[in-house]
Amino acid sequence: MTLSSGSAQLILDPAHQPEETPVPNLVELTLEPVHCRPELLDACADLINEQWPRSRASRLHSLGQSSDAFPLCLMLLSPRPTSEAAPIVVGHARLSRVLDRPQSLLVETVVVARALRGRGFGRRLMEGLEAFARARGFRRLHLTTHDQLHFYAHLGYRLGEPVQGLVFTSRRLPATLLNAFPRTPFPWSPCKAPSLTAQAAPKVPKGSSLLPPPPLPEPPTTLPPPPAGPPPQSSLETQYQDLRGRPIFWMEKDI
Ligand SMILES: CC(C)(COP(=O)(O)OP(=O)(O)OC[C@H]1O[C@@H](n2cnc3c(N)ncnc32)[C@H](O)[C@@H]1OP(=O)(O)O)[C@@H](O)C(=O)NCCC(=O)NCCS
């Protein structure tokens with residue numbers, strides 16, 4: 001597949017260019033919100049669509065919802081290989097607030113460019129987003145997976161309970177709900193601050209006094225409540241399914 005941004009293009013499909021694919025240096029990677037780098041929207045959409053094909057317009061629309069107020073899409077970026085080229089979008093993950101859990105985020109659409117897997121970029125992406133979330137006052141991450149249970153378990157995630165992610169767009173929200181959002185500025189400015197270098201992500205000791213995340217809005221009455229009761233899932237079977245009926249595992253990690 002071809003990732004492109006502006007006039008620069010990078011072919012990442014190993015079937016097309018196995019030898020020439022430049023392998024980014026782990027040390028140089030940065031983690032940046034998509035809405036801070038709009039020139040890389042196309043490349044990010046291509047990266048995600050390489051794994052989960054969807055219309056480009058739909059993917060761009062979804063990425064275009066990224067904001068400091070969540071959902072927030074993060075890109076793992078490698079610096080431009082040449083002065084004329086665009087940075088390489090190595091990976092992506094989306095973070096959303098969680099209903100009734102103000103210190104939690106839901107992690108979705110975790111993906112590393114196909115040609116670059118198995119080289120530590122997935123770990124760097126997850127460790128980077130954990131540092132990103134923790135630096136903003138969040139304490140727990142939740143996610144679902146069909147088939148990457150062992151990857152996440154290897155990174156410290158455990159089986160957990162289902163949660164309800166607040167993945168909505170402001171244009172669809174009723175005014176009453178919008179009014180429930182905090183009007184004060186967010187305590188961070190990712191687009192103005194220096195990029196978080198995933199390699200050098202600071203490990204903040206637990207219990208330190210960071211700013212708490214902004215309060216959650218009152219939930220809209222149309223959202224279904226999360227299933228009650230303990231999670232009867234093991235590493236071999238799960239009772240949970242996605243919207244297509246495929247089995248999924250719920251996992252979580254304290255950060
Ligand atoms: C899942 C994915 C993000 C992992 O990225 P990656 O770059 O291949 O992973 P890494 O090379 O960073 O692996 C990190 C660690 O996890 C381990 N690991 C990777 N996949 C694993 C698996 N399936 N089972 C167990 N361990 C695994 C690696 O051995 C490595 O261990 P180490 O750091 O101790 O040496 C990537 O394979 C991907 O994009 N897959 C397709 C999309 C997808 O399935 N996303 C998850 C949706 S829930």
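Structure's up top.
All of these numbers come straight from a predicted model, not from anything done at the bench. (Residues numbered from 1 in each chain as written. Predicted model: local features only at pLDDT ≥ 70, side-chain atom pairs only at ≥ 80, totals over all residues. Heavy atoms only, no water.)

A. A look at the packing of aromatic side chains. For the structure shown, the criterion picks out three aromatic pairs. Where Tyr152 meets Tyr157, the ring centres are 5.8 Å apart and the plane angle is 70 degrees; that geometry is what we call edge-to-face. Grouping residues by exposure puts Tyr152 and Tyr157 together as buried. Taken together, the ring pairs connect Phe151, Tyr152 and Tyr157 into an aromatic cluster. (Phe/Tyr/Trp six-rings, centres within 6.5 Å; stacked < 30°, edge-to-face > 60°. Buried < 20%, exposed > 50% of the residue type's maximum accessible area, 1.4 Å probe, protein only.)

B. Looking closely at the nonpolar core. With 46 residues, the main nonpolar core has Val89, Leu95, Val107, Met126, Leu129, Leu141 and Tyr157 as its most contacted residues. Looking at this core, the elements with two or more residues in it are helix H1 (41-51), strand E4 (72-78), strand E5 (88-98), strand E6 (101-112), helix H3 (121-135), strand E7 (140-145), helix H4 (149-154) and strand E10 (249-254). Those residues in contact with Tyr157, other than ones at most four positions away along the chain, are Met126, Glu130, Leu141, Leu143, Tyr152, Met251, Glu252 and Lys253. In terms of nonpolar packing, the next biggest core, distinct from the first, is built from six residues, Leu106, Val163, Tyr240 and Ile248 among them. (Core = buried A, V, L, I, M, F, W, Y, C linked by side-chain atoms within 4.5 Å. Helix = DSSP H or I, 4+ residues; strand = E, 2+ residues; numbered from the N terminus. Contact = heavy atoms within 4.5 Å.)

C. Region of the structure containing the pairing of E5. In terms of burial, E5 is a largely internal element, 11 of the 11 residues being buried. Note that E4 and E5 share seven bridges and pair antiparallel. Bridging across to E5, Leu76 finds its partner in Gly91. Where E5 lies against E6, seven bridges are found, and the strand directions are antiparallel. From the neighbouring strand, Ser96 faces E6, where its bridge partner is Leu106. (Pairing = 2+ DSSP bridges.)

D. How the structure looks around H1. When you tally the buried positions in H1, you get eight out of 11 residues, the bulk of the element. Those residues of H1 lying buried are Ala43, Cys44, Ala45, Asp46, Leu47, Ile48, Asn49 and Glu50.

E. Structural detail: the packing of H1 against helix H2 (residues 56-64). For the pair H1 and H2, interaxial distance at closest approach is 9 Å and the crossing angle is 115 degrees. Taken as a pair, H1 and H2 cross one another with a handedness that is right-handed. Across from Leu41, Asp42, Cys44, Ala45, Asp46, Ile48 and Asn49 in H1, the residues of H2 making contact are Arg56, Arg59, Leu60 and Leu63. (Axes fitted to C-alpha atoms, helices over the stretch in contact; angles between N-to-C directions. Left-handed = near helix turned anticlockwise from the far one by under 90°.)

F. Region of interest: the site of the ligand. Taken together, 19 residues lie around the ligand, and Val110, Gly118, Gly122, Arg123 and His154 are the ones closest in. Between Val110 and the ligand, the recorded distance is 2.7 Å, taken from a backbone N or O atom to a nitrogen atom. Protein contact buries 70% of the 930 Å² of open area that the ligand shows by itself. Secondary-structure elements contributing two or more residues to the shell around the ligand are E6, H3, E7 and H4. Top contributing element to the shell around the ligand by residue count: H4, with four residues. Here the residues of the shell around the ligand are counted per class, giving seven nonpolar, nine polar and three charged. (Near = heavy atom within 4 Å. Polar contact = N/O pair within 3.5 Å; in protein donor to acceptor, adjacent residues only side chain to side chain. Areas by Shrake-Rupley, 256 points an atom, 1.4 Å probe, with all protein chains shown as cover. Nonpolar A, V, L, I, M, F, W, Y, C, P; charged D, E, K, R; others polar.)

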